Amino acid sequence: MVGSYKPELIVNGKRLDGRMPADLRNITIEVGVVKNAVGSAYIEWGNNKIIAGVYGPKEALPKHVQDPERAIIKCRYAMSPFSSLEEHGRTGPNRRSVEISKVTKEVFENVVLLDRFPGAEIDIFIDVLQADGGTRAAGITAAAVALAASGIPMKDVPFAASVGKVGDTLILDLNKVEDNYSDADMPVAISPRTGDILLLQMDGNLTKEEVKTGIGMIQKAGEHISRLQREALKAPYERILEKYKK
Ligand code: ADP
């Protein structure tokens, strides 16, 4: 509950953290952070800190969940009990984490070439170590890198971000305060190669025009996010090349 107190989210055209409406927070991505995983990635997105780990493909268990035609994806998003400034509440799965796990799984079902691995499962774990709004988008962006790093064939490396609304102003990439007090919040995941929208959720009200403009802002931000994803994937190889140059 946020109560009746509502902070001014935009003062003199700037947001509380100094960003302009269409600015992203700082993002850094690193791959290979969990050595036991087949693929992994760590993302810092503003004050969010998230690890994604991918395991498989391996035989899907229990056997009755197997699909003889294609692999299945299992996804588990979780917020650590210490991830938020406020009391995070009960640990373990809750309604919100079950929902985020489900929508994230559906993002990747649309890009992973599942028919290459009949009867198998691919596990995606997303662990939020520190949360500050937009963790589902940051988690999807990190999991996409972890999957790509695992070598599991994919049609594309998706990214996600959210837009929201404060009064009449659309803002990109809401942090937690903005998420709590803005008039709308719309996380979107996109496949950059095809432009396919893989996830679109909305909290609050946006007009048809605002939805269009908002998706445009996310697509534009995606050029930067996709570049960071690619750079993170290349970095370990570039480090090896550097070594040989010396
Ligand atoms: P997202 O992180 O994708 O924006 P929500 O809109 O559900 O997801 O949550 C917004 C933010 O609120 C989260 O990023 C997190 O910082 C905070 N939050 C969500 N659930 C909890 C919780 N149970 N305890 C404390 N903070 C939470």
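Small disclaimer: the values here were computed from a predicted structure and weren't measured.

Draft legend 1. Spatial organisation of the overall build of the protein chain. A tally of helices and strands in the protein chain yields four helices and twelve strands. Relative to the globule expectation of 18 Å for 246 residues, the C-alpha radius of gyration of the protein chain, 18 Å, shows essentially globular dimensions. Among the 246 residues that make up the protein chain, the fraction classed as buried is 48%. Partitioning the contacts of the protein chain with sequence separation of at least 6, the portion at a separation of at least 24 is 67%. Accessible surface for the protein chain amounts to roughly 13,000 Å². Of this, 53% is attributable to carbon and sulfur atoms. Computing the positive centroid from 33 side-chain charges and the negative centroid from 33, the protein chain places the two 4 Å apart.

Draft legend 2. Just the layout of surface pockets, in detail. The computed volume of the second largest pocket comes to approximately 160 Å³. Looking at the second largest pocket, it is lined by twelve residues, and the ones nearest its centre are Tyr77, Ala78, Gly92, Pro93 and Ser97. Counted by class, the lining of the second largest pocket contains five nonpolar, five polar and two charged residues.

Draft legend 3. Representation of the site of the ligand within the structure. By nearness alone, 13 residues border the ligand, and Arg96, Gly133, Gly134, Thr135 and Arg136 come closest of all. At 3.5 Å, a backbone N or O of Ala131 approaches an oxygen atom of the ligand. Measuring from an oxygen atom of the ligand, one finds a backbone N or O atom of Gly134 at 2.8 Å. Burial of the ligand by the surrounding chains reaches 82%, relative to a free accessible area of 520 Å². Mapped onto the shell around the ligand, the elements with two or more residues apiece are helix H2 (135-150) and helix H3 (176-181). Taken together, the residues of the shell around the ligand break down into two nonpolar, five polar and six charged.

Draft legend 4. Structural view of the side chain of Lys165. For Lys165, the position within the fold is in strand S8 (residues 159-166). One polar contact links Lys165 to Glu210, side chain to side chain, over a distance of 3.1 Å. The contacts of Lys165, once residues within four sequence positions are left out, are Leu170, Ile171, Ser182, Asp183, Ala184, Asn205, Leu206 and Glu210.

Draft legend 5. Expanded view of the pattern of salt bridges. Under the criterion given, the structure shown has 18 salt bridges. When the shortest N-O distance is used, the salt bridge between Glu210 and Lys165 registers 3.1 Å. Here Glu210 is found in helix H4 (residues 208-245), whereas its partner Lys165 is found in strand S8, with 45 residues between them in sequence. Like Lys165, Glu210 is buried. One connected set of salt bridges, linked through shared partners, spans Arg15, Asp17, Arg19, Arg25, Asp132, Asp173 and Glu178.

Draft legend 6. Just the environment of Phe82, in detail. Of note, Phe82 is situated in the loop between strand S6 (72-79) and helix H1 (95-109). Counting along the chain gives 47 residues from Phe82 to Leu129, while the straight-line C-alpha distance between them is 7.2 Å.

Draft legend 7. Spatial organisation of the pairing of strand S10 (residues 184-190). Counting buried positions along S10 yields seven of seven residues, so the element is predominantly enclosed. Of the two faces of S10, the one holding Ala184, Met186, Val188 and Ile190 and the one holding Asp185, Pro187 and Ala189 are both buried throughout. As paired strands, S8 and S10 are joined by seven bridges and run antiparallel to one another. Paired with Lys165 across the bridge in S10 is Ala184. Of the pairings in the sheet, the one linking S10 to strand S12 (residues 203-204) comprises two bridges and is antiparallel in character. Looking at S12, one finds that Ala184 is bridged to Gly204. Across three bridges, S10 lies against strand S11 (residues 197-200) in antiparallel orientation. Within S11, the position partnered with Ala189 by the bridge is Leu199. Between S10 and the antiparallel strand that follows it, S11, lie six residues; Gly195 among them carries a positive phi value of about 80°.

About the thresholds
Residues numbered from 1 in each chain as written. Predicted model: local features only at pLDDT ≥ 70, side-chain atom pairs only at ≥ 80, totals over all residues. Heavy atoms only, no water. Helix = DSSP H or I, 4+ residues; strand = E, 2+ residues; numbered from the N terminus. Rg over C-alpha atoms; globule rule 2.2 N^0.38 Å. Buried < 20%, exposed > 50% of the residue type's maximum accessible area, 1.4 Å probe, protein only. Contact = heavy atoms within 4.5 Å. Areas by Shrake-Rupley, 256 points an atom, 1.4 Å probe, with all protein chains shown as cover. Lys, Arg positive; Asp, Glu negative; His and termini not counted. Charge placed at Lys NZ, Arg CZ, Asp CG, Glu CD. 1 Å grid on protein atoms, 1.4 Å probe; cavity = no way out; pocket = protein on both sides within 12 Å on 5 of 7 lines; lining within 4 Å. Points joined across faces, edges and corners; volume = space filled by probe spheres on them. Nonpolar A, V, L, I, M, F, W, Y, C, P; charged D, E, K, R; others polar. Near = heavy atom within 4 Å. Polar contact = N/O pair within 3.5 Å; in protein donor to acceptor, adjacent residues only side chain to side chain. Salt bridge = Lys/Arg side-chain N within 4 Å of Asp/Glu carboxyl O. Pairing = 2+ DSSP bridges.

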